[in-house]
Amino acid sequence: MYLWSERPGARIRQIVADVATLIWVAFWISIGVSLYAFLAQLAGAGRFMSDSGAGLRGLGGRLGGALQGIPLVGEGVADGVRTGFSDVASPMIRFGGDLERLLVFVAALLGLLLAAVAIVPWMNRYLPWRLAAWRRLNAGARAIRRRRFATSAAIGEADLERLLASRALHRLEYDELLEFTPDPFGDWLAGRHERLARAELDRVGLRAIAGR
């Protein structure tokens, strides 16, 4: 399996694009994580409220324990104190817990959105181009270099060169053909298929018909 083109220029472009993509994705993921960590600190307000409610409930329990020893009325007073403090503390604990979870969720959402806004447009352009080049390269290598295993009769390099030249002549734009030969039609009619075949090989990212 080939990862990058065999053509020097295309290979360098693909490697640079891959490295740049890794750096870009890693950078924005780190920014998103840092933003999450910063905003998640605000959840301390919710924890503080929950802790305050728990402390208030604990204070009511201690006061109730101290009042419980009063003769005759101690038990009733202790229960009343505990219930009163608990009634005040319970909403604080619930609200503090809900606020903490909300702030953590918002922090995670904002961190994710920030990373996605930067990464998704980049990947929308990079992935189709990179996958198309990768599939074209490997499909071309299988079709051209493994031909003897796919057919009962081996195809000679001269015949394959002619087929590649025909493919280039019928599929490539004129400016692409002129990069390899100043006279594409003349080369075809004269049986000079080498330069046209090289144009097709360049399109799929291969150096030559035979493997290295």
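Everything below is about the structure shown above.
Computed from a predicted model, the values in this text were never measured in an experiment. (Residues numbered from 1 in each chain as written. Predicted model: local features only at pLDDT ≥ 70, side-chain atom pairs only at ≥ 80, totals over all residues. Heavy atoms only, no water.)

Regarding its fold elements, the protein presents eight helices and zero strands. Looking at the 212 residues of the protein, the share that counts as buried comes to 29%. Sequence-distant contacts in the protein: of pairs separated by 6 or more residues, those separated by 24 or more amount to 70%. Of the roughly 13,400 Å² of accessible surface on the protein, a fraction of 66% belongs to carbon and sulfur atoms. (Helix = DSSP H or I, 4+ residues; strand = E, 2+ residues; numbered from the N terminus. Buried < 20%, exposed > 50% of the residue type's maximum accessible area, 1.4 Å probe, protein only. Contact = heavy atoms within 4.5 Å. Areas by Shrake-Rupley, 256 points an atom, 1.4 Å probe, with all protein chains shown as cover.)

To continue, consider the layout of surface pockets. The calculated volume of the largest pocket comes to roughly 260 Å³. Partitioned by chemical class, the residues of the lining of the largest pocket number five nonpolar, four polar and five charged. (1 Å grid on protein atoms, 1.4 Å probe; cavity = no way out; pocket = protein on both sides within 12 Å on 5 of 7 lines; lining within 4 Å. Points joined across faces, edges and corners; volume = space filled by probe spheres on them. Nonpolar A, V, L, I, M, F, W, Y, C, P; charged D, E, K, R; others polar.)

Residue position: Asp 18 is located in helix H1 (residues 8–40). At 2.4 Å, the side chain of Asp 18 forms a polar contact with the side chain of Tyr 126. Discounting residues that sit within four places of it in the chain, Asp 18 has contacts with Trp 4, Tyr 126 and Arg 130. (Polar contact = N/O pair within 3.5 Å; in protein donor to acceptor, adjacent residues only side chain to side chain.)

Next up on the list: the packing of aromatic side chains. Summed over all chains, the structure comprises five aromatic pairs. Consider the rings of Tyr 174 and Phe 185, whose centres lie 6.3 Å apart with planes at 65°: the pair is edge-to-face. Here the residue Tyr 174 occupies a position in helix H6 (residues 174–178), and Phe 185 occupies one in helix H7 (residues 184–189), the gap between them amounting to 11 residues. A relative accessible area of 55% places Tyr 174 in the exposed class. In this structure an aromatic cluster arises from ring pairing among Trp 24, Phe 27, Trp 28 and Trp 122. (Phe/Tyr/Trp six-rings, centres within 6.5 Å; stacked < 30°, edge-to-face > 60°.)

The subject of this paragraph is helix H5 (residues 157–171). Residues lying three or four places apart along an α-helix face the same way, a consequence of the helix completing one turn every 3.6 residues. Between its first and last C-alpha, H5 extends 21 Å over 15 residues, near the 21 Å set by a 1.5 Å rise per residue. Within H5, burial applies to Leu 160, Leu 164, Ala 165, Ala 168 and Leu 169. (Expected span 1.5 Å × (residues − 1).)

Further remarks concern the pattern of salt bridges. Tallying each qualifying case throughout the model produces seven salt bridges. For Glu 200, the salt bridge goes to Arg 203, with nearest N and O atoms at 3.1 Å. Of the two residues, Glu 200 and Arg 203 both sit in helix H8 (residues 194–204), three residues apart, roughly one turn of that helix. (Salt bridge = Lys/Arg side-chain N within 4 Å of Asp/Glu carboxyl O.)

Judged by nonpolar contacts, Leu 137, Ala 141, Ile 144, Leu 160, Leu 164, Ala 197, Leu 201, Val 204, Leu 206 and Ile 209 together constitute the single largest core of 10 residues. Listed by contribution, the elements that provide at least two residues to this core are helix H3 (74–145), H5 and H8. Excluding anything up to four places from it in sequence, Val 204 contacts Arg 136 and Leu 137. Core analysis: the second largest hydrophobic core is formed by eight residues, Ala 165, Ala 168, Leu 172 and Leu 177 among them. (Core = buried A, V, L, I, M, F, W, Y, C linked by side-chain atoms within 4.5 Å.)

With that settled, the discussion passes to the packing of H5 against H8. Following both chains from N to C, one finds H5 and H8 inclined at 70°, their axes separated by 7 Å at the closest point. Overall, the two elements H5 and H8 adopt an arrangement that is roughly perpendicular. Side by side, H5 and H8 meet where Glu 161, Leu 164, Ala 165, Arg 167, Ala 168, Leu 169 and Arg 171 of the first sit next to Glu 194, Leu 196, Ala 197, Ala 199, Glu 200, Leu 201 and Arg 203 of the second. Its residues assigned to classes, the contact of H5 with H8 shows eight nonpolar, no polar and six charged. (Axes fitted to C-alpha atoms, helices over the stretch in contact; angles between N-to-C directions. Parallel < 35°, antiparallel > 145°, perpendicular 65-115°, else oblique.)

So, about a nonpolar patch on the surface. A cluster of nonpolar residues, Leu 102, Phe 105, Val 106, Leu 109, Leu 110 and Leu 113, forms a patch on the protein surface that exposes about 520 Å² of accessible area. What makes Phe 105 exposed here is its relative accessible area of 53%. (Patch = residues over 30% accessible without salt bridge, like charges linked within 9 Å, V, L, I, M, F, W, Y side chains within 5 Å.)

The subject of this paragraph is the environment of Ala 197. Here Ala 197 lies in helix H8. The exposure class assigned to Ala 197 is buried, which follows from its relative accessible area of 2%. Along the chain, Ala 197 and Leu 163 lie 34 residues apart, while their C-alpha atoms are 7.8 Å from each other. Those residues in contact with Ala 197, other than ones at most four positions away along the chain, are Glu 161, Leu 164 and Ala 165.

No statement about biological role is implied by the geometric values presented.
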